[in-house]
Amino acid sequence: MYINFSDIPGHHNLFLDYVYEFENVAEFYSNDFRNKENYLKIFKNVTENRSDLSPTISEILTNQYSQLNPSNATQQNIKKLSDKKTLAIVTGQQLGIIGGPLYTFYKIITAIKLSRFLSERYDDYNFVPVFWLEADDHDFNEVRTVKIIDEGNSLLTIGYKDEIAEDDLKQSVGLINLDSSINEFFDKLNSSIKETEFKSLIFDRLKSFYKEDKSFKEAFRDLIFNYFDEYGLIIFDPQDDEVKKLLKPVFKKEITDFRIHTERLVHVSATLEELYHAQVKVKPVNLFLRVDEGRHSIEPVENEYRLRRKRKSFTQEQILELLENEPSRFSPNVLLRPICQDYLFPTAFYVAGPSEISYFAQIKPLYEFYNIVQPMVYPRSSATILESSIANSLEKYSVNINDIFIDIENIKKKIISSVEESSVDEMFNGISIQMESTFDQLKEKLLDVDKTIADSSNRYRDKILGTINELKSKAEKAQQKKYEVTLRQIDRAAVHLFPNSNLQEREINFLYFANKYGEEFLKKVFEELQISKFEHQIIRL
């Protein structure tokens, strides 16, 4: 079953037009991902118009994997990157603890399956899936929690440590080492999730990845490696010192020539604001600098560069000298990251979620500025997992999943009405209209007696109508209590399918399903997830 994204609340018009009406947004993107006739031209442009860093990247990756035991498929894909006819299918994500929301896995699966599809179709090229670890991101609060459904069918948020206050020091998440609090995190998870035959195994495995003194980056990498290495997924660490050395030309150009591209970025973003929305606020310099373990935005002020929230400034000569000697301290922001990615890799496609598709609309000028071929931006597959018990409840009351996405309270009313011989709406139907009509007639007659009394009738009418509405509300509550079991089943369905009024994939962690069905459920999702429908898919377990 598939649902059009336009039928699901929360999707921006920019994303909807990108997927379904590309001609409306064509000015903001270099390529239409649906235009397969243009693929070969883009493949050729990517392979011919880039610095030949592939052998170096292949060597760096070999070193990054030296402590792991990659599958033959992954080893072969790393070697293929040395070949000029190899193209990368890239995706990436923040380092959400134990994987973050389900869509992280859906992005990876899309990249792997798209690589397979292209490999079967275009014999002249190799296609390898690459996962970019967004380890430089410093938003710890976004990655520290997971959401699961507990035994009481409530959505539960469990976090590692406390949130960091807005003004506190923020460092790249990938550099943060886990401490003993990770044991408390797992204790909370363990006590909140039901006992199953798979629980012990899955928890032991997760604890082997996320343990004291391991960094967020290492733990996340090991998790992804465990589940997707067999498919040949290449996991790339952009925080590697050797990688930062390769990126020095990009960083230098950003520092010295920012005035040239900022004006165009601002213009594109302003146009987007008029027509749709600008996903990212444009900054003059799209770089951060790490100082005293904190990651600070570089801001040009007059003839120097200052660090946001830091009493520190540099001349251009000083900051360029720092870049030359310590490039590892520099990192791109969200707009420059794709440029770094596609400077390093021969990227044919970037697999993106709705928000990423939106910010790619802003950065076309940067690709032109850096003379890099912009890859096609491919929408990641999107899915909701429908468990049999939930499906049975929906079928019992003739409820469509679309209804759950739109108005759960209206569904409840309809269900009660369908099983109740006389619904509350029917009981009170027309009473308010009758009362208003009666008072209108009475007012007319009172005008002949006394205008003041006639005018005061409105006040009495409002009191009576208010009493009727209060009575109706009490009747609805009484009826709801009468059908409490039915309503609980619908609430349960809503928590599973549209938690927090949001798609399941954006809220629930994979642990909830792995604990109930075993880790094999990921293989079923891998097999069933479609990458060419461009609609929201319902996968039944």
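Above this text is the structure in question.
Quick caveat, the model's predicted, so the values are computed rather than measured. (Residues numbered from 1 in each chain as written. Predicted model: local features only at pLDDT ≥ 70, side-chain atom pairs only at ≥ 80, totals over all residues. Heavy atoms only, no water.)

K.L.:
How do you make sense of the overall build of the protein chain when you look at a structure like this?
P.N.:
Tallying secondary structure elements over the protein chain gives 25 helices and 15 strands in all. The principal-axis extents of the C-alpha atoms in the protein chain amount to approximately 95 × 60 × 50 Å. For the protein chain, the residues scored as buried account for 52% of the 541 residues in total. Here the protein chain displays about 25,300 Å² of accessible surface, and carbon together with sulfur accounts for 44% of that area. (Helix = DSSP H or I, 4+ residues; strand = E, 2+ residues; numbered from the N terminus. Buried < 20%, exposed > 50% of the residue type's maximum accessible area, 1.4 Å probe, protein only. Areas by Shrake-Rupley, 256 points an atom, 1.4 Å probe, with all protein chains shown as cover.)

K.L.:
Looking at this structure, how should I read the pairing of strand 2 (residues 86–94)?
P.N.:
Across the 9 residues of strand 2, 9 count as buried, placing the element largely inside the fold. Where strand 2 lies against strand 3 (residues 126–134), 9 bridges are found, and the strand directions are parallel. Looking at strand 3, one finds that Leu 87 is bridged to Phe 127. Crossover connection from strand 2 via helix 5 (residues 103–121) to parallel strand 3: handedness right-handed. In terms of strand pairing, strand 2 meets strand 12 (residues 347–352) through 3 bridges, oriented parallel. Among the inter-strand pairings, Val 90 is bridged to a residue of strand 12, identified as Tyr 350. (Pairing = 2+ DSSP bridges. Right-handed = clockwise from strand over helix to strand, strands pointing away.)

K.L.:
What is the right way to read the side chain of Lys 107 from this model?
P.N.:
Inspection of the secondary structure puts Lys 107 in helix 5. Contact partners of Lys 107, with chain neighbours within four places excluded, come to Thr 91, Gly 92, Gln 93, Tyr 350, Val 351, Gly 353, Glu 356 and Arg 380. (Contact = heavy atoms within 4.5 Å.)

K.L.:
Please explain the sheet that holds strand 13 (residues 376–379) as it appears in this structure.
P.N.:
The strands making up a sheet associate through backbone hydrogen bonding, with each pair oriented either parallel or antiparallel. Read from one edge to the other, the open sheet built from 5 strands follows the order 6-3-2-12-13, with strand pairing classed as parallel. Looking at which strands have only one partner, the edges of the open sheet turn out to be strand 6 (234–236) and strand 13. Along the sheet, successive strands turn relative to each other by an average axial angle of 30 degrees, direction set aside. Here 4 bridges tie strand 12 to strand 13, and the two strands are oriented parallel to one another. The partner of Ala 352 across the bridge, within strand 13, is Pro 379. Contacting strand 2, strand 3 and strand 6, helix 9 (residues 216–228) runs over the sheet at an angle of about 145 degrees to strand 3. (Axes fitted to C-alpha atoms, helices over the stretch in contact; angles between N-to-C directions.)

K.L.:
For this particular structure, what's the right way to read the pattern of salt bridges?
P.N.:
Taken as a whole and judged by the stated rule, the model has 25 salt bridges. A salt bridge links Glu 134 to Arg 337; the shortest N-O distance between them is 3.6 Å. Here Arg 337 lies in helix 14 (residues 337–344) and Glu 134 lies in strand 3, a separation of 203 residues in the sequence. Classification of Arg 337 as buried rests on a relative accessible area of 6%. (Salt bridge = Lys/Arg side-chain N within 4 Å of Asp/Glu carboxyl O.)

K.L.:
Even after reading the chapter, I still don't get the layout of surface pockets, so can you show me in this structure?
P.N.:
Taken as a whole, the second largest pocket holds about 240 Å³ of empty space. Around the second largest pocket, the lining comprises 16 residues; the ones closest to its centre are Lys 113, Leu 114, Phe 117, Ile 531 and Ser 532. Examining the composition of the lining of the second largest pocket, we find that 5 residues originate from one element, helix 5, more than from any other. Grouping the constituent residues of the lining of the second largest pocket by class yields 9 nonpolar, 2 polar and 5 charged. (1 Å grid on protein atoms, 1.4 Å probe; cavity = no way out; pocket = protein on both sides within 12 Å on 5 of 7 lines; lining within 4 Å. Points joined across faces, edges and corners; volume = space filled by probe spheres on them. Nonpolar A, V, L, I, M, F, W, Y, C, P; charged D, E, K, R; others polar.)

K.L.:
Honestly, the sheet that holds strand 7 (residues 287–291) in this entry has me stumped. Any pointers?
P.N.:
Strand order in the open sheet made by the 5 strands is 10-9-8-7-11, with antiparallel pairing throughout. The open sheet terminates on both sides in strands that have one partner only, identified here as strand 10 (310–314) and strand 11 (330–332). Each adjacent strand pair in this sheet contributes to an overall mean axis angle of 35 degrees, direction not counted. One ladder, built from 3 bridges, connects strand 9 (residues 304–307) with strand 10; its direction is antiparallel. Bridge pairing in strand 10 places Leu 307 opposite Lys 310. The strands that helix 11 (residues 248–256) touches are strand 7, strand 9 and strand 11; relative to strand 11, the one it contacts most, it runs at about 80 degrees.

K.L.:
Looking at this structure, how should I read the side chain of Gln 93?
P.N.:
Relative to the assigned elements, Gln 93 resides in strand 2. Overall, the relative accessible area of 9% leaves Gln 93 in the buried class. At a separation of 2.9 Å, a polar atom in the side chain of Gln 93 contacts the side chain of Lys 107. The residues contacting Gln 93, other than those within four sequence positions of it, are Tyr 103, Thr 104, Lys 107, Phe 131, Trp 132, Leu 133 and Glu 134. (Polar contact = N/O pair within 3.5 Å; in protein donor to acceptor, adjacent residues only side chain to side chain.)

K.L.:
Just checking my understanding: could you explain the nonpolar core for this structure?
P.N.:
Where a protein is soluble and globular, its nonpolar side chains tend to be buried together. Membership of the largest hydrophobic core comes to 149 residues, with the highest contact counts inside it found for Phe 43, Tyr 210, Leu 344 and Phe 510. Ranked by residue count, the leading element in this core is helix 5, at 9 residues. In terms of nonpolar packing, the next biggest core, distinct from the first, is built from 20 residues, Ile 8, Ala 391, Ala 493 and Phe 498 among them. (Core = buried A, V, L, I, M, F, W, Y, C linked by side-chain atoms within 4.5 Å.)

K.L.:
Explanation requested: the environment of Gln 239 in the structure shown.
P.N.:
Assignment of secondary structure puts Gln 239 in the loop between strand 6 and helix 10 (241–246). For Gln 239, a relative accessible area of 9% translates into the label buried. For the pair Gln 239 and Phe 330, spaced 91 residues apart in the sequence, the C-alpha separation amounts to 9.4 Å. Leave out the neighbours within four places in its chain, and Gln 239 touches Ala 135, Asp 136, Ser 172, Gly 174, Leu 175, Lys 217 and Lys 244. Among the polar contacts made by the side chain of Gln 239, one reaches the main-chain carbonyl oxygen of Ala 135 at a distance of 3.3 Å. A polar contact of 2.9 Å, which involves the side chain of Gln 239, links it to the side chain of Lys 217.

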